Amino acid sequence: MAPVNQILPEIEKLICKNVIRYFSNQPDKLKTLPHVETFAQKQLDFFIQGLMQQSPNLMKLWKKGHPFIAKAAINRKTLDFEIKIIET
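The rules behind these values
- Residues numbered from 1 in each chain as written.
- Predicted model: local features only at pLDDT ≥ 70, side-chain atom pairs only at ≥ 80, totals over all residues.
- Heavy atoms only, no water.
- Helix = DSSP H or I, 4+ residues; strand = E, 2+ residues; numbered from the N terminus.
- Buried < 20%, exposed > 50% of the residue type's maximum accessible area, 1.4 Å probe, protein only.
- Contact = heavy atoms within 4.5 Å.
- Areas by Shrake-Rupley, 256 points an atom, 1.4 Å probe, with all protein chains shown as cover.
- Lys, Arg positive; Asp, Glu negative; His and termini not counted.
- Charge placed at Lys NZ, Arg CZ, Asp CG, Glu CD.
- Expected span 1.5 Å × (residues − 1).
- Core = buried A, V, L, I, M, F, W, Y, C linked by side-chain atoms within 4.5 Å.
- Pairing = 2+ DSSP bridges.
- Polar contact = N/O pair within 3.5 Å; in protein donor to acceptor, adjacent residues only side chain to side chain.

(A) Here's a closer look at the overall build of the protein chain. Assigned secondary structure in the protein chain consists of three helices and two strands. Counting helices and strands in the order they occur from the N terminus, the protein chain gives α-α-α-β-β. Its C-alpha atoms give the protein chain principal-axis dimensions of about 45 × 20 × 20 Å. The buried share among the 88 residues of the protein chain stands at 38%. Long-range pairs, those at least 24 residues apart, make up 56% of the contacts in the protein chain between residues at least 6 apart in sequence. With the model as given, the accessible surface of the protein chain reaches about 6100 Å², and the carbon-plus-sulfur share is 55%. Across the protein chain, the 13 positively charged side chains and the 8 negatively charged ones have centroids separated by 5 Å.

Here it is as structure tokens:
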């Protein structure tokens, strides 16, 4: 398995696609930073859980939780979303 830092850009892309897909049909009042970040964090947690299941080392390392947070940005004019994963 590739190191997590090499996989994170791919996870960011997947989460961004999922955010766009999910929020594209939502009313504008739901297209807020808190809503998008909550959705993106759930997606990130899901993907990280899958990585942990494949790697006993990651499971041990992150048994109290992984160190990543999904942050979002929304362009108000175009309503484009950007997702960035940061390490705390």
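Back to the write-up after that little detour.
(B) Molecular detail of helix α1 (residues 4-23). When the terminal C-alpha atoms of α1 are compared, their 27 Å separation across 20 residues agrees well with the 28 Å that a helix rising 1.5 Å per residue should span. Of the residues making up α1, those classed as buried are V4, I7, L8, I11, E12, I15, C16, N18, V19 and F23. As for α1, its buried residues are in contact with α2 (33-54), α3 (56-61), β1 (68-74) and β2 (81-87).

(C) Geometry of the nonpolar core. Ranked by size, the top nonpolar core spans 24 residues in total, and within it I11, I15, V19, V36, L44, F68 and I83 carry the most contacts. Broken down by secondary-structure element, the contributors of at least two residues to this core are α1, α2, β1 and β2. No other element matches α1, which puts eight residues into this core. For I15, the contacting residues outside a window of four places in its chain are A40, Q43, L44, F47, I83 and I85.

(D) Focus on the pairing of β1. Only one face of β1 is buried, namely the one carrying F68, A70, A72 and I74, since none of I69, K71 and A73 on the opposite face is buried. Linking β1 back to β2 in an antiparallel pair, the connection comprises six residues, with L79 at a positive phi of about 60°.

(E) Up close: the side chain of Q41. Inspection of the secondary structure assignment puts Q41 in helix α2. Here F68 takes part through its backbone oxygen, which lies 3.5 Å from a polar atom of the side chain of Q41.

(F) Main features of the environment of K71. Structurally, K71 is set in strand β1. In sequence terms K71 and I86 are 15 residues apart; their C-alpha atoms lie 7.3 Å from each other. Once residues within four sequence positions are removed from consideration, K71 is found in contact with E37, E82, I83, K84 and I86.

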